[in-house]
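# Breakdown of the fold
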Amino acid sequence: MDVADVVREADEAGLRLIRFLWCGNDGTVRAKASSRHGLEGRLAGGIGLTVGMQAMNGLDQLQPVDGMGPVGEVRLVPDLDTFRVLPYAPHAGAVLTDHVALDGEPAPVCQRSFLKRMEAYLAERGLVLRAAFENEFSLATREDGRYVPIDSGLCFSTIATTAAQDYADELAAALEAQDIALEQYYAELGHGQQEISTGHAPALQAADEQLLVRETIRGVAARHGLVASLAPKPWPDNAGNGAHVHFSLWAGERNRFHDGSAPDLLSGEARAFIAGVLEHLPGLCGLAAPSFNSYHRLVPQYWAGAFVCWGHDNREAPVRVASVFRGSEEASTNAELKACDASCNPYLALGGLIAAGLDGLERGLEPPEPVEVDPATIDEDERERRGIVRLPETQEEALDALAADQLLIGALGSVLAESYLAVRRSEWAAYSEGDETFEQQGHFEKY
């Protein structure tokens, strides 16, 4: 699309505001909007934004990051191909944006540009990462200052499905209107908990659509007088919400994760890529499960994946190799990163995933023996012998693991890495001093 195409579609839809969306180091989706007046210029040249926004944490507390104070500006420059009319927001549309420096170059802090760089490294090997997010979220009403789940149904219960059916219908229609393929929808384990899966797409498109999906889940909920939360652990005594990433490598129409001659149909490239992910998984948690709230979900025997391991259809492994579907074996060969949630910036999570997997490919790594049981049931000495170590147990540990992972830090670059760690570490400090109520208030409606 070009500027004229977007303006024409905006006029045909009667739009009054176009949101220029981005996701910050704190994982929240933010926006500045252009009215129809002057839209052409803003679509071409962007909207101004203070550099300080990338030093803002999830509590809107500005962190002392060098070069990200009150002086300086970047431009929110839209990718016009991401333009959507927003079916849940009256007379509104949206575009996804890059942070661009005043000289026209990608700003070093731009997370979307980081993912583009990682995609380019993969492209040098003739490969494309295709990914899909599987989002769990919770629907609630507000009652006397409390968040109350809309149902107390059972996992996959039709009673819980019925409780949310009007919401689900509008959500499905809203995603379809935005050309986002909805694959499945069902009531999940927790009270008020839903889950949706969307179609596989190249990494950048998958990350863009993840922001649009998050916005749509919440926007439709607001129209129904509900609150939708994608927080990793919205209630202390209820199920956690993941944003599992299914991923595979492709060369043209060929799935390079698939090898029809292998006993488990998994290719050598897939094994090396998975080995790289496992090698860097503790640090990758700092990008994929990065919030204080994340570590109330990533605990053993809650099907979230709390130990460094992989397995075939093992939902207690943070990296699960999914079983294929008969008749579409090649197309359905993929792995799943379970140690991921929607408090992440999806550009950082997928970019980090590519960087880790690429390291496995370049070094020809071989993954350890797969774990085909719940790792928590393995004797501790046996776990130690096999390298089945515990993933970080707190946000602080995950950020320390990220800071110590020179490959991931090098891939991010010093500006992005420094600002990201400053923002997330400030959240650790703030929530460590607060209580359970403060934590819920700081996560429930922000993710």
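Above this note sits the structure.
My aim in this report is to walk through the structure given alongside it, one point at a time. (Residues numbered from 1 in each chain as written. Predicted model: local features only at pLDDT ≥ 70, side-chain atom pairs only at ≥ 80, totals over all residues. Heavy atoms only, no water.)

With that settled, the discussion passes to the overall build of the chain. Scanning the chain from N- to C-terminus turns up 15 helices and 16 strands. Relative to the compact-globule value of 22 Å for 447 residues, the chain shows a C-alpha radius of gyration of 21 Å, a close match. For the chain, the spread of C-alpha atoms along the three principal axes comes to 65 × 50 × 50 Å. Restricting the contact set of the chain to residue pairs at least 6 apart, pairs at least 24 apart contribute 71%. (Helix = DSSP H or I, 4+ residues; strand = E, 2+ residues; numbered from the N terminus. Rg over C-alpha atoms; globule rule 2.2 N^0.38 Å. Contact = heavy atoms within 4.5 Å.)

This brings us to the packing of aromatic side chains. As enumerated under the stated definition, the model contains ten aromatic pairs in all. Here the aromatic rings of Phe247 and Phe257 are separated by 6.0 Å at their centres, their planes lie at 75 degrees, and the arrangement is edge-to-face. Here Phe247, found in strand β12 (residues 243-251), pairs with Phe257, found in the loop between β13 (254-255) and α7 (268-279); they are ten residues apart in sequence, far enough to count as distant. Neither residue differs from the other here; Phe247 and Phe257 are each classed as buried. With 5.7 Å between their ring centres and 40 degrees between their planes, Phe292 and Tyr431 make a pair best called tilted. Of this pair, Phe292 sits in the loop between α8 (281-288) and β14 (310-312) while Tyr431 sits in helix α14 (residues 414-433), and the two are 139 residues apart along the sequence. An identical accessibility class is assigned to Phe292 and Tyr431; each is buried. Among the aromatic residues, ring-to-ring pairing joins Phe292, Trp428, Tyr431 and Phe438 into one connected group. (Phe/Tyr/Trp six-rings, centres within 6.5 Å; stacked < 30°, edge-to-face > 60°. Buried < 20%, exposed > 50% of the residue type's maximum accessible area, 1.4 Å probe, protein only.)

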